[in-house]
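Breakdown of the fold
Given next are the chains, with one letter for each unit.
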Amino acid sequence: MAETSRPAGPAILAQNQYGKAENRVVRITRDGATHHIKDLNVSVTLSGDMDDVHYSGSNAHVLPTDTTKNTVYAFAKRYGIESAEQFGIHLARHFVTSQEAIRTARIRIEEYAWERIGAPDGGHSFVRKGQEVRLTQVFYDGTSWQVVSGLKDLVVLNSTDSEFWGYAKDEYTTLPEAYDRVLATEVSARWRYGWTGEGDAPDWDASYAETRRHLLEAFAGTYSYSLQQTLYEMGARVIGERAETDEIRLSLPNKHHFLADLTPFGLTNDNEVYLAADRPYGLIEATVLREGREAAIPVDLTNL
């Protein structure tokens, strides 16, 4: 391989990557009159020996992003979509092993769920579920794997069993203490599996369903004195119940519900009528780890 030439000067190339973002692929599996839908939004990011294309414009090591798009659709046909995680593993392995210049692949997937209209075990009519979006990110460097899955846009609310009092106060504090309040949030969670390519992979779909269940049950079952406490109970429940998971990071915006002032109308508001405020909002975030493990999920989940 010819030595890479780069312009003289103080600037050098640092981390770089490229790929095709947001490839929407819908895979319909026809089992007689019963159809099954997998609806994914797949983003492919590749990196490796890419100095030449940046310094000289040589595309010799560049697999076109259009090719990565085509691969997504071809693999949906070739392998089907068993789960978002398994589909990402197929793609990541392919890109790293088929191109010498590509050293790492990161596959990010959003999955949109559909449910049947009519008979639960048959038919071909569906309605898009209006709850959370399922997420996964698969990273492969030719040797080991990292799989981080999660969800976003899961809105939950407890209409009681939540308090907030005894907090620090200064000259700018006006918030009244609350001994019975609405607690609502829009859960964004990412959890990292301990699997790195050795041994059997988790049952991805079952793991997702159970993790979601534990998050919801912990939210519903925690008498909350702070959203931080609720967050920890949710994360700890997942770590305690799901042996395949080493780390979970939660981002919980506090979707404030303020008691509406009805006194001008001569009415008493006994925790019955609320103003649901969309912004500004408190934002509570934390990582819960399995003891002995180190955190690997980024604090900023924006591009995870």
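Everything here concerns the structure above.
Here's what I pulled together on the structure shown here. (Residues numbered from 1 in each chain as written. Predicted model: local features only at pLDDT ≥ 70, side-chain atom pairs only at ≥ 80, totals over all residues. Heavy atoms only, no water.)

Comments concerning the packing of aromatic side chains
A complete count under the given rule lists nine aromatic pairs for this structure. A ring pair is formed by Y223 and Y225, whose centres lie 5.4 Å apart and whose planes are at 45°; its orientation type is tilted. Y223 sits in the partly exposed class, given a relative accessible area of 36%. Among the aromatic residues, those joined into a cluster by ring pairs are Y140, W145, Y193, W195 and W204. When the ring centre of Y208 is taken as reference, the NZ or CZ atom of R134 above it lies at 4.5 Å. One Lys or Arg, K169, reaches over the ring of Y167 and ends 4.6 Å from the middle of that ring. (Phe/Tyr/Trp six-rings, centres within 6.5 Å; stacked < 30°, edge-to-face > 60°. Buried < 20%, exposed > 50% of the residue type's maximum accessible area, 1.4 Å probe, protein only. Lys NZ or Arg CZ within 6 Å of the ring centre and 35° of its normal.)

Thoughts on a negative patch on the surface
Among the surface-exposed residues, D161, D180, D270 and E272 lie close enough to one another that they form a single negatively charged patch. Mapped onto the elements, D270 comes out in the loop between β10 (257-259) and β11 (274-276). Residue class for D270 comes out exposed when judged on its relative accessible area of 56%. (Patch = residues over 30% accessible without salt bridge, like charges linked within 9 Å, V, L, I, M, F, W, Y side chains within 5 Å. Areas by Shrake-Rupley, 256 points an atom, 1.4 Å probe, with all protein chains shown as cover. Salt bridge = Lys/Arg side-chain N within 4 Å of Asp/Glu carboxyl O. Lys, Arg positive; Asp, Glu negative; His and termini not counted. Charge placed at Lys NZ, Arg CZ, Asp CG, Glu CD. Helix = DSSP H or I, 4+ residues; strand = E, 2+ residues; numbered from the N terminus.)

Remarks on the packing of helix α4 (residues 204-221) against helix α5 (residues 227-241)
Packing of α4 against α5 leaves a shortest axis separation of 8 Å and a crossing angle of 140°. One element, α4, and the other, α5, form an angle in the oblique class. As for the relative orientation of α4 and α5, their crossing is right-handed in sense. Contact with α4, carried on its side by T211, H214, L215, E217, A218 and F219, involves T230, E233, M234, R237, V238 and E241 of α5 and no other residues of that element. Broken down by class, the residue content of the contact of α4 with α5 amounts to five nonpolar, three polar and four charged. (Axes fitted to C-alpha atoms, helices over the stretch in contact; angles between N-to-C directions. Parallel < 35°, antiparallel > 145°, perpendicular 65-115°, else oblique. Left-handed = near helix turned anticlockwise from the far one by under 90°. Contact = heavy atoms within 4.5 Å. Nonpolar A, V, L, I, M, F, W, Y, C, P; charged D, E, K, R; others polar.)

Notes on the pattern of salt bridges
Within the structure shown, the criterion is met by 18 salt bridges. Between K152 and E110 there is a salt bridge whose closest N-O contact spans 2.9 Å. One end of the pair, K152, is in strand β7 (residues 145-158); the other, E110, is in strand β3 (residues 102-112), and 42 residues separate them in sequence. Residue K152 is classed as partly exposed on the basis of its relative accessible area of 25%. The class for E110 is partly exposed, based on a relative accessible area of 21%. Of the charged contacts in the structure, one is a salt bridge between D278 and R279, with a shortest N-O distance of 3.8 Å.

Description of the sheet that holds β3
If you walk across this open sheet you meet the eight strands as β1-β2-β3-β6-β7-β8-β9-β12, and the pairing is antiparallel. The outermost strands of the open sheet, each flanked by one partner alone, are β1 (18-31) and β12 (282-289). The sheet shows a mean angle of 15° between the axes of neighbouring strands, direction not considered. The pairing of strand β9 (residues 245-254) with β12 spans eight bridges and is antiparallel. What sits directly across from S251, in β12, is E285. Lying on the sheet, helix α3 (residues 84-98) is in contact with β2 (34-48), β3, β6 (133-140) and β7; it crosses β3 at an angle near 160°. (Pairing = 2+ DSSP bridges.)

Quick notes on unusual backbone geometry
In this model, R279 is joined to P280 through a cis peptide bond whose omega is -5°. You can see P280 is positioned in the loop between β11 and β12. Within the chain, E22 stands out as a residue other than glycine whose phi angle is a positive 55°. The exposure class assigned to E22 is exposed, which follows from its relative accessible area of 57%. With a phi close to 60°, D161 is a non-glycine residue in the positive phi region.

What about the packing of helix α2 (residues 65-78) against α3?
Contact geometry of α2 with α3 gives a least axis separation of 11 Å together with a crossing angle of 130°. When the axis of α2 is compared with that of α3, the two are oblique. Between α2 and α3 lies a crossing of right-handed hand. Only F87, H90, L91, H94 and F95 of α3 make contact with α2, whose side of the interface consists of T68, T71, V72, F75 and A76. Of the residues assigned to the contact of α2 with α3, the class counts are six nonpolar, four polar and no charged.

Some thoughts on the environment of D31
With respect to the element layout, D31 can be found in strand β1. Linking D31 and G88, residues 57 residues apart in sequence, is a C-alpha distance of 24 Å.

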